[in-house]
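Chain by chain, the residues:
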Amino acid sequence: MPRRKQFGVDDVMQKAMVAFWDHGYRATSLQELVECMGINRASLYATFGDKYSLFIDTLQSYRRTYLNPFFAEKMKAYSPRQAICGLFEEISERV
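Quick caveat, the model's predicted, so the values are computed rather than measured. (Residues numbered from 1 in each chain as written. Predicted model: local features only at pLDDT ≥ 70, side-chain atom pairs only at ≥ 80, totals over all residues. Heavy atoms only, no water.)

Q: Can you tell me about the nonpolar core, naming the residues and giving the values?
A: Most often, soluble globular proteins have nonpolar side chains that are buried together. Grouped together as the largest cluster of nonpolar side chains are 13 residues, with contacts concentrated most on Ala 16, Leu 33, Met 37, Leu 44, Phe 48 and Leu 54. Mapped onto this core, the elements with two or more residues apiece are α1 (9-23), α2 (30-37) and α3 (41-48). For this core, the element with the most residues is α1, which contributes five residues. Excluding anything up to four places from it in sequence, Ala 16 contacts Leu 33, Cys 36, Met 37, Leu 54 and Thr 58. (Core = buried A, V, L, I, M, F, W, Y, C linked by side-chain atoms within 4.5 Å. Buried < 20%, exposed > 50% of the residue type's maximum accessible area, 1.4 Å probe, protein only. Helix = DSSP H or I, 4+ residues; strand = E, 2+ residues; numbered from the N terminus. Contact = heavy atoms within 4.5 Å.)

This is the structure:
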């Protein structure tokens with residue numbers, strides 16, 4: 001019988017996303033990922049495969065969690081042109 005995970009996949013993926021965001025893909029080592037995610041290396045490999053697969057998973061999670069709802073809201077409220085202009089305005093305000 002397989003062991004039950006002692007961590008929330010979404011939670012540890014969020015932590016990995018922050019590490020990639022802070023350091024970049026290449027500069028984030030596996031050891032840094034293991035430490036920030038609070039899991040062991042074997043669990044990382046068993047759950048996500050490898051560093052590249054984890055990175056892709058974090059990008060897809062970001063898209064689902066943040067980008068899709070953001071764009072859906074903009075598309076309901078504005079014309080395509082207004083939505084694009086609004087997007088660039090929000091980005092410039094945050095930067």
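Q: Explain α2 to me, using residue names and the numbers behind them.
A: All of the buried residues in α2 are Leu 30, Leu 33, Val 34 and Met 37. The buried residues of α2 occupy one face: seen down the axis, they fall within an arc of 100 degrees. Buried residues along α2 sit against α1, α3 and α4 (51-77). Looking one or two places after α2, you find Gly 38, whose phi comes out positive at around 75 degrees. (Arc of directions from axis to C-beta.)

Q: Pulling in residues and values, what's your account of the layout of surface pockets?
A: In this structure, the largest pocket encloses a volume near 310 Å³. What lines the largest pocket is simply Met 17, Trp 21, Tyr 62, Tyr 66, Leu 67, Phe 70, Phe 71, Leu 87, Glu 90, Ile 91, Arg 94 and Val 95. Going through the elements one at a time, α1, α4 and α5 (80-94) are the ones with two or more residues in the lining of the largest pocket. With five residues, α4 is the largest single contributor of residues to the lining of the largest pocket. Of the residues contributing to the lining of the largest pocket, the split by class is 10 nonpolar, no polar and two charged. (1 Å grid on protein atoms, 1.4 Å probe; cavity = no way out; pocket = protein on both sides within 12 Å on 5 of 7 lines; lining within 4 Å. Points joined across faces, edges and corners; volume = space filled by probe spheres on them. Nonpolar A, V, L, I, M, F, W, Y, C, P; charged D, E, K, R; others polar.)

Q: Could you give an account of the pattern of salt bridges, with specific residues and numbers?
A: A complete count under the given rule lists two salt bridges for this structure. Two residues, Glu 90 and Lys 74, come together in a salt bridge whose shortest N-O distance is 2.5 Å. Of this pair, Glu 90 sits in helix α5 while Lys 74 sits in helix α4, and the two are 16 residues apart along the sequence. Accessibility expressed as a relative area gives 23% for Glu 90, which makes it partly exposed. With relative accessibility at 9%, the residue Lys 74 sits in the buried group. Between Glu 90 and Arg 94 there is a salt bridge, with its nearest N and O atoms 3.7 Å apart. Of the two residues, Glu 90 and Arg 94 both sit in helix α5, four residues apart, roughly one turn of that helix. With relative accessibility at 70%, the residue Arg 94 sits in the exposed group. Within this structure, Lys 74, Glu 90 and Arg 94 form a network of salt bridges that share partners. (Salt bridge = Lys/Arg side-chain N within 4 Å of Asp/Glu carboxyl O.)

Q: Account for the packing of aromatic side chains, naming residues and giving values.
A: Tallying each qualifying case throughout the model produces seven aromatic pairs. Relative to Phe 55, the ring of Phe 20 lies with its centre 5.1 Å away and its plane at 80 degrees, an arrangement referred to as edge-to-face. Residue Phe 20 is located in helix α1, and its partner Phe 55 is located in helix α4; the two are separated by 35 residues in the primary sequence. A relative accessible area of 22% places Phe 55 in the partly exposed class. Above the face of the Tyr 25 ring, Lys 51 is positioned so that its terminal group lies 4.5 Å from the ring centre. (Phe/Tyr/Trp six-rings, centres within 6.5 Å; stacked < 30°, edge-to-face > 60°. Lys NZ or Arg CZ within 6 Å of the ring centre and 35° of its normal.)

Interpretation note: all reported values are geometric properties and have no functional meaning in isolation.
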